[in-house]
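Below, each chain spelled out in residue letters.
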Amino acid sequence: MQITVDMNLCESHGQCVFAAPEVFSFDDEDYLLYDAEPSDSQRDQAEQAAASCPVRAITVAAAPAVR
């Protein structure tokens, strides 16, 4: 799975952090940090985080194919 966050859209509401704290967090300066390739066992949380984002800055997609 691949997660991307459009940092131009992100307004640091933090809903993703509440929905998937193992994937999303804030640093000491409230900058969003995230695991771009979390395990598949975290898919439900990642999708909840994307759905809860009020500005729809988060995209969850299938992992890129390995060549």
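Reading the values: the criteria
- Along each chain, residue indices are assigned from 1 in the same order as the chain's sequence is written.
- In view of the model being predicted, local features appear only for residues whose pLDDT reaches at least 70, and side-chain atom pairs are presented and counted only at 80 or more, with totals across whole chains, interfaces and linings using the full set of residues.
- For the side-chain quantities, the full set of heavy atoms in the structure was used; hydrogens and water were omitted.
- Here the term patch refers to residues with relative accessible area over 30% and no salt bridge, with like charges joined within 9 Å and nonpolar side chains (Val, Leu, Ile, Met, Phe, Trp, Tyr) within 5 Å.
- In these tables, accessible area is a Shrake-Rupley quantity obtained with a 1.4 Å probe, and a residue counts as shielded only by the protein chains included in the view.
- The term salt bridge refers to a side-chain nitrogen of Lys or Arg lying within 4 Å of a carboxyl oxygen of Asp or Glu.
- Numbering of helices and strands runs from the N terminus; a helix is a DSSP stretch of H or I covering at least four residues, while a strand is a stretch of E covering at least two.
- Throughout this description, buried means an accessible area under 20% of the type-specific maximum (1.4 Å probe, protein chains only), exposed means over 50%, and partly exposed covers the range between.
- We call two residues contacting when some pair of their heavy atoms lies within 4.5 Å.
- The directions from the helix axis to the C-beta atoms form the arc being described.
- Buried Ala, Val, Leu, Ile, Met, Phe, Trp, Tyr and Cys residues form a nonpolar core when they are joined through side-chain atoms within 4.5 Å.

A. Inspection of a nonpolar patch on the surface at higher detail. Nonpolar side chains collect at one region of the surface, where Met7, Tyr31, Leu33 and Tyr34 lie side by side and expose about 350 Å² of accessible area between them. Along the polypeptide, Tyr31 turns up in the loop between β2 (24–26) and β3 (32–34). Overall, Tyr31 belongs to the partly exposed group, its relative accessible area being 46%.

B. Focus on the side chain of Gln42. Locating Gln42 in the fold gives a position in the loop between β3 and α2 (43–52). When near neighbours in sequence (up to four residues on either side) are disregarded, Gln42 contacts Met1, Glu22 and Val23.

C. Molecular detail of α2. For α2, the set of buried residues is Ala46, Ala49 and Ala50. In a view along the axis of α2, the buried residues occupy a sector of 100°, so they form one face of it. Set apart from the buried face of α2 by more than 90 degrees, the exposed residues are Asp44 and Ala51. Turning to α2, the residues buried within the fold contact β1 (2–5), α1 (15–19), β2 and β4 (58–61).

D. Summary view of the nonpolar core. Grouped together as the largest cluster of nonpolar side chains are 15 residues, with contacts concentrated most on Ile3, Val5, Cys16, Phe24, Leu32 and Ile58. Secondary structure elements with two or more residues in this core: β1, α1 and α2. With three residues, α2 is the single largest residue contributor to this core. Every residue in contact with Phe24, bar those within four places of it in the chain, is listed here: Ile3, Val5, Cys16, Val17, Leu32, Leu33, Tyr34, Ala49 and Ile58.

E. Fine view of unusual backbone geometry. The residue Ser12 is not glycine, and still its phi comes out positive at about 55°. Of the residues examined, Ser12 reaches a relative accessible area of 36% and is grouped as partly exposed. Phi at Arg56 takes a positive value of approximately 55°, unusual for a residue other than glycine. Note that Arg56 resides in the loop between α2 and β4. Here Arg56 falls in the exposed class, since its relative accessible area comes to 55%.

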